[in-house]
Amino acid sequence: MSARSQSDALGLRRDLVCLICAGEAARVGRAASMRGAVTYDMASCPDCGFAFIVEPRTDFENLYDDDYYRGAGFDPSVDYAAEQDERTVRVHEWAGVLAVVRSLHARPIRTWLDYGCGYGGLVSYLRRNGVDAVGHDIGHPADHARSVGVSFVSESDLPGHNGRYDVITAIEVLEHAIDPIELLESFRDLLAPDGLVFVTTGNAERHRRALTEWRYVAPEVHVSYFEPRTLRRAYQSVGLEPVDVGHRRGMQQIMQYKILKALGRHRREAWHRVIPWSLVSRLADRREGVSAQPAARQPR
């Protein structure tokens, strides 16, 4: 995000104008930090359901440092360092994302960008499975991805890739965006005709009545929250066509990863195989509404 657009976005937030639909938002309470006693004003738009931290922190180098990616930062559920190979439970998410995307994108996938790739685990998994995938991130994860040989696109090179990608994934990324519309505009520009955007992000609809108590709220780093109707409206505002996902092939594996992560399990273990994942994942998805969040397609 440019300094000017970031400043504009922050100005809109202070005025409680919704960045998705330009409606008037209202404060809904104060969200507590996961570290210490600091709290942050949180607001929500009744017209489109977008919720956000009113004055988010922008000292990104401090927020997204090495500790953050090792699970010792402002979101302790993150631990990329512990989940980087197929011996870990993260492989369930990677396999699920690939299966969901293949079921949504009928044509052969020639090029795939994983935006916000972190340490590059999904990119490496995709390439091992025959997909020409590259990653993009900034700061510490970008340095790490390059150091371990992950196929990578830099911030400076990204604008030259407009119209290139059949698929863009943003796995747990949108909630970090101060200006999600600007981010979705960049996805639109990078997509090839009929290209697909697939995202995962928490479903705020299920927690509308008590947003500040939602476990997903980590106000230093999760600053934007979406209901399915919010995402549909955001996609449409940038010229993308919303696509229903639902509990299709691959979603079971995504939910399996999320459940094991919530249980604090990082390594794959034999006892995981005795769990009836088909039933358990569907029940968990029904509760959290993960598959209710839409994907989007670039018009031909």
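None of these values were measured; they are calculated from a predicted model. (Residues numbered from 1 in each chain as written. Predicted model: local features only at pLDDT ≥ 70, side-chain atom pairs only at ≥ 80, totals over all residues. Heavy atoms only, no water.)

**Focus: the sheet that holds strand S10 (residues 295-297)**
Phase 1 of the analysis: If you trace the six strands from one edge of the open sheet to the other, you get S5-S4-S6-S7-S10-S9, paired in mixed fashion. Of all strands in the sheet, those with a lone pairing partner are strand S5 (133-136) and strand S9 (241-243), marking the two edges. On average, each strand axis in the sheet is inclined to that of its neighbour by 20°, with strand direction left out of account.
Phase 2 of the analysis: One ladder, built from three bridges, connects S9 with S10; its direction is antiparallel. When the sheet's bridge partners are listed, valine 243 is paired in S10 with alanine 295.
Phase 3 of the analysis: Each of strand S4 (112-115), strand S6 (165-171), strand S7 (191-200), S9 and S10 touches helix H4 (residues 90-104); the most contacted strand, S7, lies at about 140° to it. (Pairing = 2+ DSSP bridges. Helix = DSSP H or I, 4+ residues; strand = E, 2+ residues; numbered from the N terminus. Axes fitted to C-alpha atoms, helices over the stretch in contact; angles between N-to-C directions. Contact = heavy atoms within 4.5 Å.)

**Let's talk about the pairing of S4**
A regular strand places its side chains so that they alternate between the two faces of the sheet.
Phase 1 of the analysis: Alternating residues of S4 divide into Trp112 and Asp114 and Leu113 and Tyr115, and every residue in both groups is buried.
Phase 2 of the analysis: Taking the sense of rotation as the criterion, the β-α-β connection linking S4, helix H5 (residues 121-128) and S5 turns out right-handed.
Phase 3 of the analysis: Relative to S6, S4 runs parallel, the two being bridged by three bridges. Considered in S6, the bridge of leucine 113 is made with isoleucine 168. (Buried < 20%, exposed > 50% of the residue type's maximum accessible area, 1.4 Å probe, protein only. Right-handed = clockwise from strand over helix to strand, strands pointing away.)

**Brief notes about empty space enclosed by the protein**
Phase 1 of the analysis: A complete count under the given rule lists two cavities of 30 Å³ or more for this structure.
Phase 2 of the analysis: The volume enclosed by the largest cavity comes to roughly 40 Å³.
Phase 3 of the analysis: In terms of lining residues, the largest cavity is bounded by Arg57, Phe60, Leu63, Tyr64, His176, Ile178, Glu220, Val221 and Val223.
Phase 4 of the analysis: Its residues assigned to classes, the lining of the largest cavity shows six nonpolar, one polar and two charged.
Phase 5 of the analysis: Taken as a whole, the second largest cavity spans an internal volume of roughly 40 Å³.
Phase 6 of the analysis: The element that contributes the greatest number of residues to the lining of the second largest cavity is S7, accounting for three residues. (1 Å grid on protein atoms, 1.4 Å probe; cavity = no way out; pocket = protein on both sides within 12 Å on 5 of 7 lines; lining within 4 Å. Points joined across faces, edges and corners; volume = space filled by probe spheres on them. Nonpolar A, V, L, I, M, F, W, Y, C, P; charged D, E, K, R; others polar.)

**Details of the packing of H4 against helix H9 (residues 251-262)**
Phase 1 of the analysis: Packing of H4 against H9 leaves a shortest axis separation of 7 Å and a crossing angle of 155°. By the angle between their axes, H4 is roughly antiparallel relative to H9. As H4 packs across H9, the resulting crossing turns out to be left-handed. Counting all contacts with H4, which are made through Arg90, His92, Glu93, Ala95, Gly96, Val97, Ala99 and Val100, the residues of H9 involved are Met251, Gln253, Ile254, Gln256, Tyr257 and Leu260.
Phase 2 of the analysis: Among the residues forming the contact of H4 with H9, the class breakdown is eight nonpolar, four polar and two charged. (Parallel < 35°, antiparallel > 145°, perpendicular 65-115°, else oblique. Left-handed = near helix turned anticlockwise from the far one by under 90°.)

**Things to note about the packing of aromatic side chains**
Phase 1 of the analysis: This structure, assessed with the given rule, holds ten aromatic pairs.
Phase 2 of the analysis: Considering the side-chain rings of tryptophan 214 and tyrosine 225, the 5.8 Å spacing of their centres and the 55° angle between planes classify their relative orientation as tilted. One end of the pair, tryptophan 214, is in the loop between S7 and strand S8 (224-225); the other, tyrosine 225, is in strand S8, with eleven residues separating them in the sequence. The pair formed by tryptophan 214 and tyrosine 225 is uniform in burial state, with each residue classed as buried. (Phe/Tyr/Trp six-rings, centres within 6.5 Å; stacked < 30°, edge-to-face > 60°.)

**Some thoughts on the pattern of salt bridges**
Phase 1 of the analysis: According to the stated counting rule, one finds 20 salt bridges in the structure shown.
Phase 2 of the analysis: Aspartate 41 serves as the salt-bridge partner of arginine 30, at 2.5 Å between the closest nitrogen and oxygen. Of this pair, arginine 30 sits in strand S1 (residues 26-32) while aspartate 41 is found in strand S2 (residues 39-44), placing the two residues eleven residues apart along the sequence.
Phase 3 of the analysis: Judged by its relative accessible area of 45%, arginine 30 is partly exposed.
Phase 4 of the analysis: In this structure, the salt-bridge partner of arginine 127 is aspartate 132, at a minimum N-O distance of 3.3 Å.
Phase 5 of the analysis: Via salt bridges that share partners, Glu205, Arg208, Glu227 and Arg229 belong to a single interconnected network. (Salt bridge = Lys/Arg side-chain N within 4 Å of Asp/Glu carboxyl O.)

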